[in-house]
Amino acid sequence: MAYRALTEQEAVEYVKGIPGLFSEGAELTSREIGDGNLNLVFDIQELATGKSVIVKQALPFARVVGESWPLTIDRARIESEALRIQHKYVPDLVPQVYHFDGELALTVMENVGDHIIMRKGLIEGKRYPLFAKQIGRFLAQTLFFTSDLGAHPYDKKALVGTFINPELCKITEDLVFTDPYENAPTNDFNPLIRREVEAIWNNRPLKLEIAKLKYDFLTRSEALLHGDLHTGSIFITENSLKAIDPEFAYYGPIGFDIGAVIANLLLNYAGQHGLQKDQGEREAYREYLLETVEDVWNEFVSQFVQLWHKQAKERSAHVEGLWQSYVKRLIQDTAGYAGCKILRRVIGLAGVADLNAIEDDQTRAEAERLALSIGEALILGRGGIDESTDITDIVRTVTERYYQEATTV
């Protein structure tokens, strides 16, 4: 079947033709529920049983901009294959793929049911006691077993070729590592923070560190990354987690995925300035977020190092002292990439609801300034980071200074 964007009814007719997915003659309904930047997403449900699946179809352009921004539909293949690999290692944390169609660039997958988008939950002040353990396991398992540590070198190199993803990598290279740090037409920021943004454009030490991080993103093929692991691509309940949307998957530096998770927790931390009016509750929730940042790193590194000791296939991995050196570099990478992700969401295209949901422009600007200060500090201070508490100490110090300065103005 030649490519075309499906309508809701066409999506229904399509899934009816997949053997074993629904009972024969089932009455199905379809809703297009996509609210992301790139794709069509259909929720197909059988009326009699309530069983449902998700049909996700890649559009040949970036939906957030329109047809003026053409985009490869091969990203649907990338996403489908990444989901299958991730499901192999953490089947409870990734939706199951039932069917992939390369011609139509669509994937039919498990519907995650009563889960909600984590970003929405954080904005509402919800707490997720198992999140750090679950996402730490997701990161450790998927990154270790697709790296040179956990994969046969032939298998790993073959996977690198499978996940060459130049167009979506270029989006990351531009929107995360380049455009926000110069007066680029894609930037979209609150006019009230223009002075702070221009200071970033003129901050040479900061831009040098970002350039180093970008160069590693371009050249270091460590493991198969999710590539866009933010709180909008995590569906969650108090007991369960599903990581979705790995269409940006490619082989890159491990710290990029971990940093993306931490960045989004810290964007919500900054957003609490306008999301939660009660100071006591705001401070308590911010402490929860910082504890979660520490727990995410600690859970990841604990499981990753255990896998290293027990299952590393690369013989040189067992040379004394290597794992400690590796982990130290990883946490510094993580902090740097977290900082880039924070700055990009405040200055560049496609911000986050954690900040954009703040209705008052001035209050939002105050939260955005705090986020920028945290992002800068993580990037510039990453060389001195050895433990997860070093990351949260930087955040606390920046926050305290920010509010002290605000009260003296």
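Residues numbered from 1 in each chain as written. Predicted model: local features only at pLDDT ≥ 70, side-chain atom pairs only at ≥ 80, totals over all residues. Heavy atoms only, no water.

Looking at an unreviewed UniProt entry, one finds the protein chain named Methylthioribose kinase, with Brevibacillus porteri as its source organism. Per UniProt, the comment on the protein chain under Pathway (unreviewed entry) is "Amino-acid biosynthesis; L-methionine biosynthesis via salvage pathway; S-methyl-5-thio-alpha-D-ribose 1-phosphate from S-methyl-5'-thioadenosine (hydrolase route): step 2/2." (UniProt positions renumbered as here; feature names shortened; annotations may be inferred.)

Draft legend 1. Examining the sheet that holds strand E11 (residues 241-243) more closely. With antiparallel pairing, 3 strands are arranged side by side in an open sheet as E8-E10-E11. If you trace the sheet from one side to the other, it starts and ends with strand E8 (116-117) and E11, each paired once. Strand direction decides the pairing type here: strand E10 (residues 234-236) and E11, joined by 3 bridges, are antiparallel. Note that in E11 the partner of isoleucine 234 across the bridge is alanine 243. (Pairing = 2+ DSSP bridges. Helix = DSSP H or I, 4+ residues; strand = E, 2+ residues; numbered from the N terminus.)

Draft legend 2. A look at the nonpolar core. Membership of the largest hydrophobic core comes to 98 residues, with the highest contact counts inside it found for Phe131, Ile135, Leu266, Phe300 and Phe304. Here this core gets 13 residues from one element, more than from any other, and that element is helix H10 (residues 279-311). Filtering out sequence-adjacent residues up to four positions away, leucine 266 remains in contact with Leu290, Val293, Ile342, Ile374, Leu378 and Val395. Formed by 20 residues, the second largest nonpolar core is a distinct cluster that contains Leu21, Leu28, Ile44 and Val53. (Core = buried A, V, L, I, M, F, W, Y, C linked by side-chain atoms within 4.5 Å. Buried < 20%, exposed > 50% of the residue type's maximum accessible area, 1.4 Å probe, protein only. Contact = heavy atoms within 4.5 Å.)

Draft legend 3. Highlighting the UniProt feature "binding site: substrate" (unreviewed entry) in the protein chain. The UniProt record marks Asp228 and Arg344 with the feature "binding site: substrate" (unreviewed entry), using the residue numbering of this structure. Spatial clustering of the annotated residues is evident: they stretch over 117 residues in sequence, but the largest pairwise C-alpha distance comes to 13.0 Å. Inspection of the secondary structure puts aspartate 228 in the loop between strand E9 (223-225) and E10. With residues near it in sequence (within four places) discarded, aspartate 228 still touches Ser233, Phe248, Asp257 and Lys341. Among the secondary structure elements, arginine 344 is positioned in helix H11 (residues 322-347). With a relative accessible area of 10%, arginine 344 lands in the buried category. Beyond its immediate stretch of four places on either side in the chain, arginine 344 contacts Leu175, Val176, Pro180, Tyr181, Leu349 and Ala350.

Draft legend 4. Main features of the side chain of asparagine 165. Looking at the element boundaries, asparagine 165 is found in the loop between helix H5 (153-162) and helix H6 (166-175). The exposure class of asparagine 165 is buried, given its relative accessible area of 6%.

Draft legend 5. Here's a closer look at the sheet that holds strand E7 (residues 106-110). One open sheet holds the 5 strands; their spatial order is E1-E2-E3-E7-E6, and the pairing between them is antiparallel. Each having just a single partner strand, strand E1 (28-32) and strand E6 (97-101) make up the two edges of the open sheet. When the angles between neighbouring strand axes are averaged without regard to direction, this sheet yields 20 degrees. Sheet topology places E6 next to E7; 4 bridges connect them, and they run antiparallel. When the bridges of E7 are listed, histidine 99 appears paired with valine 108. Packed onto the sheet, helix H1 (residues 8-16) meets E1, strand E2 (39-46), strand E3 (52-58), E6 and E7 and runs at close to 130 degrees relative to E1. Contacts from helix H2 (residues 75-89) reach E2, E3, E6 and E7 within the one sheet, and its direction differs from that of E6 by about 155 degrees. (Axes fitted to C-alpha atoms, helices over the stretch in contact; angles between N-to-C directions.)

Draft legend 6. Molecular detail of the packing of aromatic side chains. Under the counting rule described, the total for this entry stands at 17 aromatic pairs. With 6.1 Å between their ring centres and 45 degrees between their planes, phenylalanine 177 and phenylalanine 256 make a pair best called tilted. Placement of phenylalanine 177 in the loop between H6 and helix H7 (194-201) and of phenylalanine 256 in helix H9 (residues 254-275) is noted, with a sequence separation of 79 residues between them. Of the two residues, phenylalanine 177 and phenylalanine 256, neither departs from the other in class, the shared state being buried. Seen in terms of ring centroids, phenylalanine 256 and tyrosine 337 are 5.5 Å apart; in terms of plane orientation they differ by 75 degrees. Their pairing is edge-to-face. Here tyrosine 337 lies in helix H11 and phenylalanine 256 lies in helix H9, a separation of 81 residues in the sequence. One aromatic cluster is present, formed by Tyr89, Phe144, Phe145, Trp297, Phe300, Phe304, Trp308 and Tyr326 through successive ring pairs. Over the ring of tyrosine 269 we find arginine 286, and its NZ or CZ is 4.7 Å from the ring centre. Positioned above the aromatic ring of tyrosine 326 is the side chain of arginine 329, whose terminal nitrogen or guanidinium carbon lies 5.0 Å from the ring centre. (Phe/Tyr/Trp six-rings, centres within 6.5 Å; stacked < 30°, edge-to-face > 60°. Lys NZ or Arg CZ within 6 Å of the ring centre and 35° of its normal.)

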